[in-house]
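Residue strings, one per chain:
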Amino acid sequence: MVGPRRLNSSRPGAPSPGATRRTALGLLLGAPLLSACAGVQQSLSQFSNPFSSSPPPGPAGPPQQAAVAGSGGVKVGLILPLSAAGNAGLAAQSMRNAAEMALAEFQNPNIQLLIKDDNGTPQGAQQGAQQAVEEGAEIILGPLFAQSVPAVAQVTRARGISVIAFSTDSSIAGRGVYLLSFLPESDVNRIVEYSASIGKRSFAALVPDNAYGNVVEAALKPAVPRRGGRMVVFEKYGADRATAARTVAAQLGGADALFIADDGDSVVAVADALTAAGANLRNIQLLGTGLWDNPRVYASPALQGGLYAAPDPAGFRAFAGRYRTKYGGEPVRTATLAYDAVALVAALARTQGGQRFTSDVLTNPSGFAGIDGLFRFRADGTNERGLAVMKVAQGGGVAVAGSPKSFGA
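What comes next is a walk through the structure. (Residues numbered from 1 in each chain as written. Predicted model: local features only at pLDDT ≥ 70, side-chain atom pairs only at ≥ 80, totals over all residues. Heavy atoms only, no water.)

## Here's the deal with helix H7 (residues 241–251)
So, step 1. Those residues of H7 that fall on the buried side of the exposure criterion are Ala244, Ala245, Val248 and Ala249. Each buried residue of H7 sits inside an arc of 135 degrees when the element is viewed along its axis, so together they form one side.
So, step 2. Check the buried side of H7 and you find it contacts strand S7 (202–208), strand S8 (230–237), strand S9 (257–260) and helix H8 (264–276). (Buried < 20%, exposed > 50% of the residue type's maximum accessible area, 1.4 Å probe, protein only. Helix = DSSP H or I, 4+ residues; strand = E, 2+ residues; numbered from the N terminus. Arc of directions from axis to C-beta. Contact = heavy atoms within 4.5 Å.)

Encoded structure:
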């Protein structure tokens, strides 16, 4: 397995004008030593939720013609729902822009992107993957929607070709299928770790009774005792939040931290339900996931001072500034995933020879550094990210603990 090391950043990898050294070099092995639109800018909450991994209702447009970006010798498939209905198609175009931006900033990459429009359907994704493989693609980036990933894997697994997909649904990860998205498990582990470091030992939790809540529950229940804590009360809620809120409120006296995992609107509603049930939320440390990156959360008086795990926003701000200069519009929040995926494969193509996209290389335990900080792929296809800890304030999230500089064992 390739170990961590500082790869030579002296030129041919020099950044093009206007690109920072870190971003131009993209993602190289040994993350701690790295240097590295269309639509409205989205908050983190709009791409961390598994429910955002499904195509929107409504008719898709006619499929876009396949395209090629770059002229390198290593062919890479990029599958996106470019003609999908509504915001999905706009997001896909923004991700395509970001992918091409990565090619431009990673000077002289030996990469040729084979860009395929999947029309927002599993059938389209499978067809795009088949075309890309027949054209010589050594790895597939995408698709975006969870339901399309297995369709692509049917094409790639038989040929030993890896997939780096953008879905947030960890259930579709697996052998040869790696997810580059932000997964709730990383959020949970980071916020519990930080909470324990500031002396929180007794946890209460309220999570939605849905797929997202199930993932959070599976991560939270082992994470708390692993950090020396205990779970005082754990409740799920459906449309009726009041009953679960009353149960939790009655037991908050035995807890010093309260974890609420839901999107912005729902978190505010849960906080209101807890207050109505008699809970004094000012006397307990509120905790959340990346879905708290939402204007409704920042505006809520009840949630002020709450802590949540998320990427350090500085990386996205710098990326968005360069994107605006190049394309004259705002990137969607998922755009960094496409950028990082292309930068990663460009770096591996430059440094890893014939082993560049093997599982040993992709699952290097030192990980990689991207726009949103450190990440590494696990053997099961999920990922771990180095996240910051943010505090809810009226003007937005404020970092109280930075992203880690390296991964532990």
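## Notes on the sheet that holds S7
So, step 1. The mixed open sheet is built from 7 strands, whose spatial order is S8-S7-S9-S10-S11-S15-S16. The strands lining the two open edges of the sheet, one partner per strand, are S8 and strand S16 (396–401). Here the average twist between neighbouring strands, direction ignored, is 30 degrees.
So, step 2. Sheet topology note: the strand S11 (residues 307–310)/strand S15 (residues 388–393) ladder contains 4 bridges and is antiparallel. Its bridge partner lying in S15, Ala310 is registered against Ala388. (Pairing = 2+ DSSP bridges. Axes fitted to C-alpha atoms, helices over the stretch in contact; angles between N-to-C directions.)

## A short note on helix H10 (residues 313–327)
In an α-helix, one turn spans 3.6 residues; hence positions three or four apart end up facing the same way.
So, step 1. For H10, with 15 residues, the first-to-last C-alpha span of 21 Å sits near the 21 Å given by 1.5 Å per residue.
So, step 2. Every buried residue belonging to H10 is among Phe316, Phe319, Ala320, Arg322 and Tyr323, and all of these are buried.
So, step 3. Between a side-chain oxygen at the N-terminus of H10 and the backbone nitrogen of Ala314 the separation is 2.9 Å; the capping residue is Asp312.
So, step 4. Downstream of H10 by a residue or two, Gly328 has a phi angle that is positive, lying close to 75 degrees. (Expected span 1.5 Å × (residues − 1). Polar contact = N/O pair within 3.5 Å; in protein donor to acceptor, adjacent residues only side chain to side chain.)

## Some thoughts on the pattern of salt bridges
So, step 1. Enumeration over the complete set of coordinates arrives at 13 salt bridges.
So, step 2. Residue Glu135 is joined to Lys116 by a salt bridge in which the shortest nitrogen-to-oxygen separation is 2.9 Å. Linking Glu135 in the loop between helix H3 (122–134) and strand S4 (139–141) with Lys116 in strand S3 (residues 111–117), this pair joins segments that are 19 residues apart in sequence.
So, step 3. Between Asp265 and Arg296 there is a salt bridge whose closest N-O contact spans 2.9 Å. One end of the pair, Asp265, is in helix H8; the other, Arg296, is in helix H9 (residues 295–299), and 31 residues separate them in sequence.
So, step 4. In this structure Asp265 comes out as partly exposed when scored by relative accessible area, which is 44%.
So, step 5. Each of Arg190, Glu193 and Arg227 takes part in one network of salt bridges that share partners. (Salt bridge = Lys/Arg side-chain N within 4 Å of Asp/Glu carboxyl O.)

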